[in-house]
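# Results of the structural survey
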Amino acid sequence: MDVRESISAVKTALHERVKKDKTPELERAAWAAVSFISGFVLSAARVLNSGGPFGVAAVAAAGAGMNGVCCLLGAALGYLANYGLNQGIRYLAAVVMVFTVSFAFQETKIAKSELFAPVNAGAVSCVTGFLAGFTALISGTPTTAVIALESVLAFGCCYFFREAMNDAECTTEMAELRHAASVMITVAVVLMALSELEIMGVVSIGRFFALLMVMTATLRCGMLVGCTVGTAFGLAMDLARGGLPFFTMSYAFGGLLAGVFNRHGRLVFVLSFILANAVAVVCTWSAAPQINAMFEVFCASVVFMVLPSVFLSRAGSLIEPTVLGSGESGLRRYVAKRVAGLGKAYSGLYEIVRRNVEEPVNDSDPSRVFDRAADAVCISCREKNRCWNNCYMDTLAALNDASAAMKERGMLHIEDIPKHFTQRCRNPEAFVAAVNGELRAAAYRRQFAAGLRESRDTAWGQYADMADVLSDVAKELGSTNGADRLAERRLIRYMRTLDIEADAAVYRDGQGRLRAVIESRSLPTLTKDKRYLEKLSGVLGVRLCRPESTENGNARLVLAEAEPLAVSVGIAAMKKKGERVSGDRGTYFKTDSGVLCVILSDGMGCGEDAAKESGEVIEILERFLRSGMDPAVAMKTLNSVMLLKNGDHWGFATVDLMCVNLFSGETCFYKYGAAPSYVMNGKSIRRIKGESLAPGLCGAGVAPDVMRMRLKPGSTAIIASDGVIGDSSDEWLLEVLDSATDDMKLLARDTLREAEKVCGKTDDMTVLAVRVEKRA
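This section reports on the structure supplied with the text. Values in this document were obtained by computation on a predicted structure and should not be read as measured data.

## What about the sheet that holds strand β14 (residues 705–710)?
Pairing in this open sheet of five strands is antiparallel, and the strands run β8-β9-β10-β11-β14 from one edge to the other. Looking along the sheet, the strands with just one partner apiece sit at the ends: β8 (584–590) and β14. Looking at each pair of strands side by side, their axes are set apart by 10 degrees on average, direction ignored. In this structure, strand β10 (residues 653–661) lies alongside strand β11 (residues 666–672), joined through six bridges in antiparallel fashion. Directly across from Cys659, in β11, lies its bridge partner Cys668.

This is the structure:
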């Protein structure tokens, strides 16, 4: 390679270096000045009023660049100025060794490790400490212990100094906490250095600013943060001075007591802080009077009182813990808005379709029938002009005379037409046959149109049902209920007392029911206690239960607020005489929202076909209700499904649905062609009867019969198929209900036995007895 190529390579390297280094000269100079000042100030901070490893930590944290050189110069000057040549020579050697190691390894992979600089500072501090004093005692403490303390402080402070100077964006909550702690430790070390500076030998500048920071943190963040910051700065002041841990006690106690009154005005807050520090002075009076500490607290309190609120708010925000935002509720409201928009879109689509599918054409108009018959028969007749042009009024009058009989009979006879018309017509029999053919065709078209219209109404009626479902979901998502942060903290705190690390979520659903989800691999430690539900109920303040419809595993536990009401259900059934199976089907279950659903379906007829129809109805309706669909919407959707399913197949089943809200006792009966039900509320008995037909027979969009009431504890209800009640008198059933006991199985059997006596086994018979009680 010749000289020109070498010069070109150097120019290229310099050019690349300039491209990478875009920091302005002024900014680099500012950072160099800050590094110099940092090294000088931190080297003045002492531990136990003697050693000073913080300058060594600062040089290691600054690295081997220009900032490292400036920090080295500042630390060397600081050690010589504060310790003199005899004691400072050890730390001067330490900072030079630290910088030399950093410079020597700056291009290696090991230098990029997070622990390289801390290990460098700790190791060099340890080596120089042992070389400087094998037998000396420092402040009455064995040399080995003090050197070990300085080495640990050099290692730890170097790590935190580097983290505090790191301007990279924190991407996790843990990174934010680590950065905040590093800044606080760095500030505490700076104040340790300033604590040696005193005003008139009374007020320490470092402790003065430490008091201002403790009061600011306590006022903004409360007693826990105030106590924590007070402990940190108090410990730093005690380390700098040595002796009793007075400042740790006074600052921490001041933050704790003043934090109780941080919402009672600044004057009350400051007085409580002064009182706490006075108590600390009194407690240590016999050991070492701390009169200067009271002067410092008084001066800091006066300055704190005159500081503007804006300054305190901005300063406190640097220490204030991050509060969880409303991202979850905001997302929930956003989704609710979108779902509500979909519901409105489906509702609008339903209205548009409904307006446009109406057919104004009247296919039953007699004139259209006669016109079509004439087009088929008279078009080839030679006399057509005489009948439909010359004698049009006579022809019209004759056909009008025949229309009345034709409408009444549904067909046209030749005798219905006046004789003057039949005598003039060349082929009256063919004309009558053509009219009857058109009548049959019109009847077929009307029948087809009715079926098509019913299917179409059923299909586009689903838009309205879907709009109702989406509206309910939007209301659930947009409800004001949400996460219960206080209950979550209580639950997590209790889990930690059991030595279980768990994630917990506590919230209230759209109906206000509290729910809790606990996720942890240590859940068996909790659930092995037979009284764990009772204990968790005490923690959250409500009685809890495990929802039946929720799958709980070894690492996940789902709990819900227990309903104040409980229900007992009894079922009795008997098939028709001579049949192998009963056509009735019944079931009951509790939904995830705390609603008891009791369903009874009676298939049309008897035997396996009826059982199939009623079983399908039960299956469809149960799925809808368990999914959280509103019962009224679920019943309408069931009717649409049955209309589409059956078509020409003649098979239907009645539906009787009872829904009991186990929180309020609100009860609704929904009936599609079902037999009457009976409710005994106190001493009164109410008969509940519907008028609608079975689903699939009552037409598209027809809502079920709905009856609402509130059941009190002790109320009893009987739901039965028409084979039990039939068309006979129900006096016997009222007597059975009036003499009923608390045993619902016995009541169902007694009702069935009496029904057999009254009605015989002429139909399938099923009885469901329901009783509402307070939960024990």
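Resuming the write-up.
## With respect to the pattern of salt bridges
The final tally for this structure, using the stated rule, is 22 salt bridges. In this structure, Lys757 and Glu754 form a salt bridge, with 3.6 Å as the shortest nitrogen-oxygen distance. Remark: Glu754 and Lys757 occur in helix α27 (residues 744–759); sequence separation between them is three residues, near one turn of the helix. Look at Glu754 and you get partly exposed, because its relative accessible area is 27%. One continuous salt-bridge network, built from bridges that share partners, spans Arg513, Glu563, Lys590 and Arg775.

## Some words on the environment of Glu163
Its place among the elements puts Glu163 in helix α6 (residues 143–165). Sequence separation between Glu163 and Thr186 is 23 residues; the distance between their C-alpha atoms is 9.7 Å. In this view, Glu163 contacts Ala175, Arg178, His179 and Ser182; residues no more than four positions away in its chain are not counted.

## Overview of the packing of aromatic side chains
Across all of its chains, the model carries 10 aromatic pairs by this definition. Centroid distance Tyr83 to Tyr91: 5.4 Å. Interplanar angle 40 degrees. Geometry classified as tilted. Here the two residues Tyr83 and Tyr91 agree in accessibility, since each one is buried. Note on Phe246 and Phe247: the rings are 5.2 Å apart at their centroids and 70 degrees apart in plane angle, and the pair reads as edge-to-face. Residue classification places Phe246 among the buried positions, given a relative accessible area of 2%. Exposure remark for Phe247: the relative accessible area of 2% places this residue in the buried category. Every member of this aromatic cluster is reached through a ring pair, and the members are Tyr79, Tyr83 and Tyr91.

## Description of the environment of Lys636
The topology assignment puts Lys636 in helix α24 (residues 631–646). Once the C-alpha coordinates of Lys636 and Gly701 are considered, the two residues, 65 residues apart in sequence, prove to be 6.7 Å apart.

## Describing the side chain of Asp730
Of note, Asp730 is situated in the loop between α25 (722–725) and α26 (731–738). We classify Asp730 as buried; its relative accessible area is 15%. A polar atom in the side chain of Asp730 sits 3.0 Å from the side chain of Arg687. Apart from residues lying up to four places away in sequence, Asp730 is in contact with Tyr678 and Arg687.

## Details of the sheet that holds strand β5 (residues 544–545)
The four strands are arranged β3-β4-β6-β5 in an open sheet whose pairing can be described as antiparallel. The open sheet is flanked by β3 (503–508) and β5, the only strands paired with a single partner. In terms of strand pairing, β5 meets strand β6 (residues 556–561) through two bridges, oriented antiparallel. Looking at the pairing, Cys545 lines up with Ala560 of β6.

## Section: unusual backbone geometry
Positioned with a positive phi, Met200 is a non-glycine residue whose angle comes to about 55 degrees. Counting through the fold element by element, Met200 comes out in the loop between β1 (198–199) and β2 (203–204). What makes Met200 exposed here is its relative accessible area of 78%. In the Ramachandran plot, Asp499 falls in the positive-phi region, its phi being about 60 degrees despite a non-glycine side chain. Mapping Asp499 onto the fold places it in the loop between α20 (485–497) and β3. Judged by relative accessible area, Asp499 falls into the exposed class, the value being 69%.

Reading guide: rules and limits
- Residues numbered from 1 in each chain as written.
- Predicted model: local features only at pLDDT ≥ 70, side-chain atom pairs only at ≥ 80, totals over all residues.
- Heavy atoms only, no water.
- Pairing = 2+ DSSP bridges.
- Helix = DSSP H or I, 4+ residues; strand = E, 2+ residues; numbered from the N terminus.
- Axes fitted to C-alpha atoms, helices over the stretch in contact; angles between N-to-C directions.
- Salt bridge = Lys/Arg side-chain N within 4 Å of Asp/Glu carboxyl O.
- Buried < 20%, exposed > 50% of the residue type's maximum accessible area, 1.4 Å probe, protein only.
- Contact = heavy atoms within 4.5 Å.
- Phe/Tyr/Trp six-rings, centres within 6.5 Å; stacked < 30°, edge-to-face > 60°.
- Polar contact = N/O pair within 3.5 Å; in protein donor to acceptor, adjacent residues only side chain to side chain.

The values are spatial; any link to function lies outside them.
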